[in-house]
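# Analysis of the macromolecular model
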Amino acid sequence: MKTSYFWKATHEPISDVKYVSISRSTPPGVQYMLSYESLMPGWDLVKLAHDQDFSQESFEYFRKAYYSQLDKLNPEKVYEDLKDCTLVCFESSKDLATKKKFCHRRIVAGWIEKQLGIIVLEETREKEKDLIVPAIYRS
C-alpha cells in the first residue's frame, strides 16, 4: 500500500500500479479508476477544509472526525483489500510536505501504521526523492 494524488496517477502513472480513489469526487478522466468508499470522508469534512483554506483549526477538526470514521472500520480488512494498491486523492505531495494543505490519504497511512505496524509510503518519482510526506497520526 502506498499513497499518491490524482495528477500523478493520471499524468505520471506507474504502469503496474493499481490506483484507487478514496475521494468523494474525481477529476475528469479518472472515471475508470477503482474506488474505496469506506475511506472517503464525508462532504461536510471536505467542505470545511476548503472553506477554511486548510487552516490549522480545520485540520484539527478534520483529523478528529476522520479518525472517528476510521475507528468504525477493520484495519486488517482495509489493508487486505488495498495492500497492493496506491490510494489517491487531490492534494499534491509537495503541498503536503510543505504543510500548505493536509489530506486524508496520509491520515489513512497513519491509521494503518498505528493499527498494524505497517509503514505506508507516499509514491514518489526520482525528481521527488528528497520529498518527505509524513503520515498523520491521531493527536
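A brief look at the structure comes next. (Residues numbered from 1 in each chain as written. Predicted model: local features only at pLDDT ≥ 70, side-chain atom pairs only at ≥ 80, totals over all residues. Heavy atoms only, no water.)

## As for helix α6 (residues 104-116)
Over its 13 residues, α6 extends 18 Å from the first C-alpha to the last, a length consistent with the 18 Å expected when each residue adds 1.5 Å. Within α6, ten of the 13 residues are buried, which leaves the element mostly enclosed by the surrounding structure. Among all positions in α6, only His-104, Arg-105, Arg-106, Ile-107, Val-108, Ala-109, Gly-110, Trp-111, Ile-112 and Glu-113 are buried. Tucked into the core, α6 has its buried residues touching β1 (2-5), α3 (56-70), α4 (75-82), β4 (85-89), α5 (93-97) and β5 (121-122). Within two residues after α6, Gly-117 carries a phi angle of roughly 75°, on the positive side. (Helix = DSSP H or I, 4+ residues; strand = E, 2+ residues; numbered from the N terminus. Expected span 1.5 Å × (residues − 1). Buried < 20%, exposed > 50% of the residue type's maximum accessible area, 1.4 Å probe, protein only. Contact = heavy atoms within 4.5 Å.)

## Some thoughts on the packing of helix α2 (residues 43-51) against α3
For the pair α2 and α3, the least separation of the axes is 9 Å and the interaxial angle reads 165°. By the angle between their axes, α2 is roughly antiparallel relative to α3. For α2 against α3, the interelement crossing comes out left-handed. Two secondary-structure elements touch here, α2 through Leu-45, Val-46, Leu-48 and Ala-49 and α3 through Ser-58, Tyr-61, Phe-62, Ala-65 and Tyr-66. (Axes fitted to C-alpha atoms, helices over the stretch in contact; angles between N-to-C directions. Parallel < 35°, antiparallel > 145°, perpendicular 65-115°, else oblique. Left-handed = near helix turned anticlockwise from the far one by under 90°.)

## Some points on the side chain of Asp-95
Mapped onto the secondary structure, Asp-95 falls in helix α5. Buried and unpaired, Asp-95 has no salt bridge, with Lys-100 as the nearest side chain of opposite charge at 4.2 Å. Setting aside anything within four residues of it in sequence, one finds Asp-95 in contact with Lys-100 and Lys-101. (Lys, Arg positive; Asp, Glu negative; His and termini not counted. Salt bridge = Lys/Arg side-chain N within 4 Å of Asp/Glu carboxyl O.)

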